[in-house]
Amino acid sequence: MEKKQFQAESKRLLEMMINSIYTQKEIFLRELISNSSDAIDKLYYRALTDEAISFDQDRYAIHISANKEARKLTLTDTGIGMTKEELETNLGTIAKSGSLGFKKTNEMKDGHDIIGQFGVGFYAAFMVADQVSVVSKSVDADSAYKWQSDGSDGYTIEEATKDVPGTEITLHIKENTEDESFDEFLDEHRLKSIVKKYSDFIRYPIKMDVTTYKPKEDGEDGESEEVQEEQIINSMVPIWRKNKSELTKEDYEQFYQDKRYGFDKPLEHIHLSVDGAVRYNSILFIPESTPFDFYSKEYEKGLELYANGVLIMEKCADLLPDFFSFVKGMVDSEDLSLNISREMLQHDRQLKLIAKNIQSKIKSQLQSLLKNNREAYETFYKSFGRQLKFGVYNEFGAHKKVLEDLLLFHSSTEKGFVTLSEYVSRMKEDQSNIYYATGESIERIAKLPQTELLADKGYEILYFTEDVDEFAIKMLQSYQDKEFQSVSSADLKLDEEESEESKEEQDANKDLFEEMKTILAGKVKDVRLSKRLKTHPVILAAEGEVTIEMEKVLQAMPDNQHVKAEKVLEINPNHDVFKALQSAKDTDQEKLKLYTNLLYSQALLIEGLPLEDPVEFTKDMCKVMV
């Protein structure tokens with residue numbers, strides 16, 4: 001029996017493939033099962049054109065057996081088999097794929113696409129085995145042949161005995177080392193879990209002897225004995241390939257639980273069967289509650305990705321945009337271009353088309369939920385609304401048009417959430433802007449002095465209670481041609497006539513405000529009369545792009561950049577405090593300084609900003625009281 005050398009360049013090439021291409025050793029079983037499935041598919045395809053071959057799908061299966069004592073793992077299929085020449089061509093040449101050649105020659109259609117296309121998968125067996133033998137009999141040959149190799153220098157081929165067409169692969173599993181245990185690949189439960197993980201939806205039965213317990217014959221009540229029973233351990237027909245009309249809500253919920261997508265029940269599911277520029281099936285879920293690690297660095301987004309029912313990636317991040325990272329589910333496609341190990345995708349047109357379509361479907365489903373089941377949508381939004389708002393802000397607003405109609409906020413006129421569209425539909429005829437106020441809570445915002453004038457005019461105000469809200473709105477800039485305006489902005493542009501009147505009064509008190517500005521040097525950019533205050537004496541407003549609320553958020557970040565808003569102290573000219581300031585200017589400079597510092601401290605407290613010197617503030621309060 002002559003030993004033949006691999007036709008590939010060297011032993012080093014084989015070592016590189018089995019040690020570097022695959023990231024997990026368990027992948028070997030997926031690859032071998034896929035090859036067996038391909039072999040049965042080939043026989044099916046031959047039967048379509050060859051009257052001498054009959055194909056009854058119920059007769060075909062893949063068998064797995066493990067012998068712990070002999071350290072042997074065997075996979076047997078009833079597929080098309082290989083001739084001596086095919087064994088040498090397909091297994092003697094690394095990276096030669098018989099499946100790919102068969103596919104190209106026959107231009108396979110009819111939903112029986114070949115899984116394996118690169119010919120490297122078989123050699124994954126050497127990650128766990130120190131010797132592999134393949135006994136195969138082709139439907140086109142009378143004799144069977146055995147291919148055997150230890151994965152190093154070469155292989156042998158000799159005639160063998162096999163009664164029926166098909167292939168039997170036997171792996172001699174490596175001995176354990178100090179660093180690795182290979183016993184797991186002989187363990188019944190571990191083998192079952194690998195099959196369920198990667199090959200659960202292979203279209204043919206995968207059978208294995210499974211340990212069960214049955215009542216002991218002639219034994220006492222309750223006594224049982226351990227028996228070996230052959231069972232089918234894969235599901236074969238995945239739920240996503242079933243007709244939607246056959247499935248119930250409970251079926252989808254069960255699939256959600258079986259795949260461990262979450263401990264909750266999904267609010268909505270999306271079942272897609274697309275047959276266009278790219279073919280794929282998909283089931284997507286919108287969860288009800290937030291995973292415990294969702295808003296952390298540890299959370300990994302992504303959908304399960306299958307190629308012809310074989311799991312390729314557990315979390316394919318490229319299929320979901322960050323703003324929809326809460327979506328769970330899977331995609332199965334026959335059209336994806338896979339790399340040599342099938343564990344990583346080539347970034348090709350098909351993947352981008354699927355991702356684009358999925359994004360569109362998710363948005364449509366959320367819009368439908370918002371329209372038809374507001375309560376369920378608000379439940380979803382309480383869990384994941386922050387992610388949508390971050391999506392508006394992220395990437396310089398690249399996705400703001402996708403997300404703007406999905407946003408919800410509390411407001412001054414509604415008890416529950418409102419959409420931007422609902423807000424605009426209720427705007428007053430003379431109202432040109434969408435007004436918003438920021439704060440730690442709805443209750444606190446409702447008491448802000450800055451809202452008084454707008455409330456008097458009957459304008460609705462959006463309430464922003466999350467730190468991302470104002471950043472998102474700044475990026476959004478406008479909605480339906482209506483610009484967003486903070487109630488704390490130094491210039492509300494409410495009424496030109498009011499502005500002219502204010503300007504005259506501002507000029508009349510120019511000296512007072514200059515003195516106050518000098519007292520507060522470095523703390524405020526300006527001091528001026530307020531046209532928005534009704535009952536409160538003082539507020540802080542902001543000029544420029546950075547608002548006071550944004551300053552608070554940025555200052556609280558670990559990489560504090562010391563960004564500050566340009567603050568303006570506004571004084572209510574109709575309040576008694578203003579008269580006291582005017583009197584102090586004319587009679588007592590120390591009192592003017594005292595009043596100015598107190599008003600500034602009060603304005604800081606109203607905004608939720610820390611007092612710069614609490615001790616000095618208490619001393620000033622005491623001076624007023626005595």
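What you see is a predicted model, and the numbers here were worked out from it, not measured in a lab. (Residues numbered from 1 in each chain as written. Predicted model: local features only at pLDDT ≥ 70, side-chain atom pairs only at ≥ 80, totals over all residues. Heavy atoms only, no water.)

### A short note on the overall build of the protein
Then, number 1: The number of helices and strands found in the protein is 19 helices and 23 strands.
Then, number 2: When burial is assessed residue by residue, the protein has 49% of its 626 residues classed as buried.
Then, number 3: In the protein, of all internal contacts separated by at least 6 residues, the share reaching a separation of at least 24 is 68%.
Then, number 4: Carbon and sulfur atoms make up 45% of the accessible area of the protein, which totals about 31600 Å². (Helix = DSSP H or I, 4+ residues; strand = E, 2+ residues; numbered from the N terminus. Buried < 20%, exposed > 50% of the residue type's maximum accessible area, 1.4 Å probe, protein only. Contact = heavy atoms within 4.5 Å. Areas by Shrake-Rupley, 256 points an atom, 1.4 Å probe, with all protein chains shown as cover.)

### Points about the sheet that holds strand 23 (residues 566-571)
Then, number 1: Here three strands make up an open sheet; going across it, the order is 21-23-22 and the pairing mixed. The open sheet is flanked by strand 21 (526-529) and strand 22 (538-543), the only strands paired with a single partner. Sheet twist, expressed as the average angle between the axes of neighbouring strands with direction ignored, equals 35°.
Then, number 2: Here six bridges tie strand 22 to strand 23, and the two strands are oriented antiparallel to one another. Bridge pairing links Val538 to Ile571 in strand 23.
Then, number 3: Along the sheet face, helix 18 (residues 589-607) touches strand 22 and strand 23 and points at about 70° away from the line of strand 22. (Pairing = 2+ DSSP bridges. Axes fitted to C-alpha atoms, helices over the stretch in contact; angles between N-to-C directions.)

### Quick word on a nonpolar patch on the surface
Then, number 1: On the surface, Met621, Val624, Met625 and Val626 cluster together to form a nonpolar patch covering roughly 450 Å² of accessible area.
Then, number 2: Among the residues examined, Met621 registers a relative accessible area of 33% and is labelled partly exposed. (Patch = residues over 30% accessible without salt bridge, like charges linked within 9 Å, V, L, I, M, F, W, Y side chains within 5 Å. Salt bridge = Lys/Arg side-chain N within 4 Å of Asp/Glu carboxyl O.)

### Considering the packing of helix 17 (residues 576-587) against helix 18
Then, number 1: Between helix 17 and helix 18, the least distance of the axes is 7 Å, while the angle of their chain directions is 150°. The hand of the helix 17/helix 18 crossing is left-handed. Between helix 17 and helix 18, the residues in contact are Val577, Ala580, Leu581, Ala584, Lys585 and Thr587 and Gln589, Lys591, Leu592, Tyr595, Thr596 and Leu599, respectively.
Then, number 2: Its residues assigned to classes, the contact of helix 17 with helix 18 comprises seven nonpolar, three polar and two charged. (Left-handed = near helix turned anticlockwise from the far one by under 90°. Nonpolar A, V, L, I, M, F, W, Y, C, P; charged D, E, K, R; others polar.)

### Here's the deal with the sheet that holds strand 2 (residues 62-67)
Then, number 1: Spatially, the nine strands line up as an open sheet ordered 1-6-5-4-7-3-2-8-9, and their pairing is mixed. Edge positions in the sheet fall to strand 1 (3-5) and strand 9 (224-232), since each of these pairs with one other strand and no more. Pairs of neighbouring strands in the sheet enclose a mean axial angle of 25°, with direction left out of account.
Then, number 2: Across six bridges, strand 5 (residues 144-149) lies against strand 6 (residues 154-160) in antiparallel orientation.

### Details of the layout of surface pockets
Then, number 1: In this model, the largest pocket occupies a volume close to 1100 Å³.
Then, number 2: Around the largest pocket, the lining is made up of 38 residues, and of these Tyr256, Asp258, Lys259, Arg260 and Tyr261 lie nearest the centre.
Then, number 3: Mapped onto the lining of the largest pocket, the elements with two or more residues apiece are helix 5 (188-198), helix 6 (249-258), strand 13 (310-316) and strand 14 (328-333).
Then, number 4: Residues belonging to the lining of the largest pocket are distributed by class as follows: 14 nonpolar, seven polar and 17 charged. (1 Å grid on protein atoms, 1.4 Å probe; cavity = no way out; pocket = protein on both sides within 12 Å on 5 of 7 lines; lining within 4 Å. Points joined across faces, edges and corners; volume = space filled by probe spheres on them.)

### Concerning the pairing of strand 17 (residues 433-438)
Then, number 1: With six of its six residues buried, strand 17 lies for the most part within the structure.
Then, number 2: With burial as the criterion, each face of strand 17 is covered, one bearing Asn433, Tyr435 and Ala437 and the other bearing Ile434, Tyr436 and Thr438.
Then, number 3: Looking at chain direction, strand 17 and strand 18 (residues 461-464) are connected through four bridges and run parallel. Pairing of Tyr436 across the sheet is with Leu462, part of strand 18.

### What about empty space enclosed by the protein?
Then, number 1: Counting across every chain of the model gives three cavities of 30 Å³ or more.
Then, number 2: Reported here for the largest cavity is a volume of approximately 90 Å³.
Then, number 3: Counting only elements with at least two residues in the lining of the largest cavity, the list comes to strand 17 and helix 16 (548-556).
Then, number 4: There is about 60 Å³ of room inside the second largest cavity.
Then, number 5: Thr438, Gly439, Glu440, Arg444, Leu448, Glu549, Lys552, Ile606, Glu607 and Gly608 are the residues that line the second largest cavity.
Then, number 6: At the level of secondary structure, the elements contributing two or more residues to the lining of the second largest cavity comprise helix 16 and helix 18.
Then, number 7: Grouping the amino acids of the lining of the second largest cavity by side-chain chemistry returns two nonpolar, three polar and five charged.

### A look at the environment of Thr167
Then, number 1: Its place among the elements puts Thr167 in strand 7 (residues 166-173).
Then, number 2: Given a relative accessible area of 6%, Thr167 falls into the buried group.
Then, number 3: Between the C-alpha atom of Thr167 and that of Ala144, which follows or precedes it by 23 residues, the distance is 9.4 Å.
Then, number 4: The contact partners of Thr167, leaving out residues within four places of it in the chain, are Leu75, Thr76, Asp77, Gly81, Met82, Val134, Val135, Ser136 and Lys162.
Then, number 5: A polar contact of 2.8 Å, which involves the side chain of Thr167, links it to the side chain of Ser136. (Polar contact = N/O pair within 3.5 Å; in protein donor to acceptor, adjacent residues only side chain to side chain.)

### Observations concerning the pairing of strand 13
Moving residue by residue along a regular strand, the side chains alternate between the two faces of the sheet.
Then, number 1: Burial runs high along strand 13: five of the seven residues are buried.
Then, number 2: One ladder, built from four bridges, connects strand 12 (residues 303-307) with strand 13; its direction is antiparallel. Note that in strand 13 the partner of Leu303 across the bridge is Cys316.

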